[in-house]
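# Structural overview for review
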Amino acid sequence: MDKRQAIGSWLSGPRAAAEDMGVDFGYPGRQLGLPQQGPGSVARFGRRFGAVAIDWIGCQLIAYGLITGRDASATGNWTLALFVTLSILTVGTVGFTPGKRILGLRVISQDGGRLGIGRVVLRTVLLALVIPAIVWDRDGRGLHDRLSRAVQVRI
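Residues numbered from 1 in each chain as written. Predicted model: local features only at pLDDT ≥ 70, side-chain atom pairs only at ≥ 80, totals over all residues. Heavy atoms only, no water.

## With respect to helix H6 (residues 117-128)
Heads up, the rule is: We count a stretch as a helix when DSSP gives it H or I for four or more residues in a row; a strand needs E for two or more, and each element gets its number in order from the N terminus. An expected span of 1.5 Å times one less than the residue number is assigned to each helix. Exposure classes here rest on a 1.4 Å probe applied to the protein chains alone. A residue is buried below 20% of its type maximum, exposed above 50%, and partly exposed in between. The arc in question is formed by the directions pointing from the helix axis toward the C-beta atoms. Here, two residues are considered to be in contact whenever any of their heavy atoms come within 4.5 Å of each other.
For H6, with twelve residues, the first-to-last C-alpha span of 16 Å sits near the 16 Å given by 1.5 Å per residue. Inspection of H6 places Arg119, Val120, Arg123, Thr124, Leu126 and Leu127 among the buried residues, and these make up the whole buried set. Take H6 and look down its axis: the buried residues cluster within an arc of 165°, on one side only. Seen from the buried face of H6, the exposed residues on the opposite side, beyond 90 degrees, are Ile117 and Gly118. Buried-residue contacts for H6 involve helix H4 (75-93), helix H5 (98-102), strand S1 (105-109), helix H7 (131-134), helix H8 (143-147) and strand S2 (150-154).

## A short note on a nonpolar patch on the surface
The cut-off we apply is this: Residues forming no salt bridge and having over 30% relative accessible area are the ones grouped into patches, like charges within 9 Å of each other and nonpolar side chains (Val, Leu, Ile, Met, Phe, Trp, Tyr) within 5 Å. Surface accessibility follows the Shrake-Rupley procedure with a 1.4 Å probe radius. Residue values consider only the protein chains on display as shielding. By definition, a salt bridge exists where a carboxyl oxygen of Asp or Glu is found within 4 Å of a side-chain nitrogen of Lys or Arg.
Side chains of Phe45, Phe49, Leu122, Val130, Ile131, Ile134, Val135, Trp136, Leu143 and Leu147 sit close together on the surface and give an oily, nonpolar patch of about 970 Å² of accessible area. Those elements that place two or more of their residues in the nonpolar patch are helix H3 (45-67), H7 and H8. Tracing the chain through its elements places Ile134 in helix H7.

## Things to note about the environment of Leu34
Looking at the secondary structure, you find Leu34 in the loop between helix H2 (14-20) and H3. Of the residues examined, Leu34 reaches a relative accessible area of 13% and is grouped as buried. Along the backbone, Leu34 and Gly112 are 78 residues apart, and their C-alpha atoms lie at a distance of 9.3 Å. Leave out the neighbours within four places in its chain, and Leu34 touches Tyr27, Gly29, Gly40, Val42, Val151 and Val153.

## Focus: the side chain of Arg141
Inclusion rule: In the analysis that follows, any N or O atom pair within 3.5 Å is treated as a polar contact, provided that within protein one partner can donate a hydrogen and the other can accept it, and provided that, for residues neighboring in sequence, both atoms belong to side chains.
When you line up the elements, Arg141 lands in the loop between H7 and H8. For Arg141, a relative accessible area of 4% gives the class buried. A distance of 3.1 Å separates a polar side-chain atom of Arg141 from the backbone oxygen of Ala150. Sequence-distant contacts of Arg141, that is, excluding residues within four places in its chain, are made with Leu32, Gln110, Val135, Trp136, Arg146, Arg149, Ala150 and Val151.

## What about the packing of H3 against H4?
A pair of packed helices can be characterised by two numbers: the angle between their axes and the separation between those axes. Selection rule: Axis definition: a line fit to C-alpha positions, over the contact stretch in the case of helices; interaxial angles, taken between N-to-C directions, run 0 to 180 degrees. Each angle gets one of four labels, with under 35 degrees taken as roughly parallel, over 145 as roughly antiparallel, 65 to 115 as roughly perpendicular, and the rest as oblique. Handedness of a crossing is defined here by the sense of rotation of the near helix relative to the far one, left-handed for an anticlockwise turn of less than a right angle and right-handed for a clockwise turn.
At a closest axis distance of 8 Å, the pairing of H3 and H4 adopts a crossing angle of 125°. Comparing their axes, H4 and H3 come out oblique. Judged by the twist between their axes, the crossing of H3 over H4 is right-handed. Where H3 abuts H4, its residues Val52, Asp55, Trp56, Cys59, Gln60, Ile62, Ala63, Tyr64 and Ile67 lie against Thr75, Trp78, Thr79, Leu80, Leu82, Phe83 and Leu86.

Take a look at the structure:
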């Protein structure tokens, strides 16, 4: 192995190095029995991030314009409270937030059913902590989804 290969494998990470050795990880969602593409497949990071951004911005506009009387310094906590409330109510009832619906996503249980309210609350609280949402597994699920046994799929 020359130095360029060693540097390349270091830069690409352990997954690329394992794949070079012949390990087959499959596609995201394979272990969960989900299709590789199309409806029902695991939602990719870009769509999930976009959905959270849409929901956060919407909550921020509501907090700024309707709750705090356009006081920007008081908007942050109200935005978080609205975001948590929105997530619990909408994911707990219809399976998606407005941002997820706009981008064609739905939150379901690992077994394909609907999430119970306890799991929705757990997922939302972990999402509000941010750290679990930026740590994900090889199926593309954030730690908040993994701990609540949920998966975000494309509609």
